[in-house]
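# An overview of the molecular structure
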Amino acid sequence: MKKIKHVFFLLGAVFCLAAACANGSADNALGESEPKTTAQGGSMKISIKITGDNGEHTLTATLAENKSALAFAELLEKGPLTVHMSDYGSFEKVGSLGTSLPRTDTQITTEAGDIILYQGNQITIYYDTNSWNFTRLGKVTGLSQAELKAVLGKGSVTAVFSLKE
């Protein structure tokens, strides 16, 4: 009887591996995903076009290496995502994704440039600090806190997130 159980277990494992390979997926047999990287092996980059009271600016961000950021990248593979973002608490812009992503919340203190998933269906771009249980999606690069605050402005903005080529 033990041999039969082992055979079924092995067949199940082979089936899972074959299914993952057949889909061309980066998922392993346990359903976990490797972080998406560029062809050069670096972390995946996204572009964020911000349109608001201070004009139009394009930001670059590096995605985090977690299942939430991977799900966000997969969402962006379908095409650019436009999010209308409002100011909240004088430290972030926040807007609805229109869908839910998996959460990997941990207690963190944000910094200017952090891109955070909040409650699974909201995306935020921080221009100051805040501490809470959040899921980090990525980080805007190349701007100081003052520069980022100037780009995001005081009012609402429209942000268009897309994969960087």
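What you see is a predicted model, and the numbers here were worked out from it, not measured in a lab.

Under the defined criterion, the tally for this structure stands at five aromatic pairs. On the basis of an interplanar angle of 10° and a centroid distance of 5.9 Å, the ring pair of Phe91 and Tyr126 is categorised as stacked. Of this pair, Phe91 sits in the loop between strand 3 (81-88) and strand 4 (92-96) while Tyr126 sits in strand 7 (residues 122-126), and the two are 35 residues apart along the sequence. Note on Phe91: relative accessible area 17%, which makes it buried. Given the relative accessible area of 1%, Tyr126 is considered buried. Feature note: the residues Tyr88, Phe91, Tyr118, Tyr126 and Phe134 constitute an aromatic cluster, connected by ring pairs.

In this structure, Ile48, Phe72 and Phe161 are the most contacted members of the largest nonpolar core, which totals 31 residues. The leading source of residues in this core is helix 2 (residues 67-77), at six residues. For Phe161, the residues in contact, after removing those within four places along its chain, are Ile46, Ser47, Ile48, Phe72, Leu76, Pro80, Leu81, Val83, Met85, Ile123 and Ile125. Counting five residues, the second-largest nonpolar core is a separate cluster that includes Phe91, Ile108, Tyr126 and Phe134.

Let us now look at the pairing of strand 8 (residues 131-141). Two elements, strand 2 (residues 55-63) and strand 8, share four bridges in a ladder whose sense is antiparallel. Each bridged residue has a counterpart across the sheet, and for Leu63 the counterpart in strand 8 is Gly138. Bridge count for strand 5 (residues 106-109) against strand 8 is four bridges, and the pairing is antiparallel. Residue pairing for strand 8: Gln107 is matched across the bridge by Asn133.

Before going further, it helps to spend a moment on the layout of surface pockets. Considering only enclosed or pocket space, the largest pocket measures out at about 180 Å³ in volume. Around the largest pocket sit Tyr88, Phe91, Glu92, Val94, Tyr118, Gln122, Thr124, Tyr126, Asn130, Ser131, Trp132 and Phe134, which together line it. Broken down by secondary-structure element, the contributors of at least two residues to the lining of the largest pocket are strand 4, strand 7 and strand 8. In terms of residue class, the lining of the largest pocket is made up of seven nonpolar, four polar and one charged.

Reading the values: the criteria
- Residues numbered from 1 in each chain as written.
- Predicted model: local features only at pLDDT ≥ 70, side-chain atom pairs only at ≥ 80, totals over all residues.
- Heavy atoms only, no water.
- Phe/Tyr/Trp six-rings, centres within 6.5 Å; stacked < 30°, edge-to-face > 60°.
- Helix = DSSP H or I, 4+ residues; strand = E, 2+ residues; numbered from the N terminus.
- Buried < 20%, exposed > 50% of the residue type's maximum accessible area, 1.4 Å probe, protein only.
- Core = buried A, V, L, I, M, F, W, Y, C linked by side-chain atoms within 4.5 Å.
- Contact = heavy atoms within 4.5 Å.
- Pairing = 2+ DSSP bridges.
- 1 Å grid on protein atoms, 1.4 Å probe; cavity = no way out; pocket = protein on both sides within 12 Å on 5 of 7 lines; lining within 4 Å.
- Points joined across faces, edges and corners; volume = space filled by probe spheres on them.
- Nonpolar A, V, L, I, M, F, W, Y, C, P; charged D, E, K, R; others polar.

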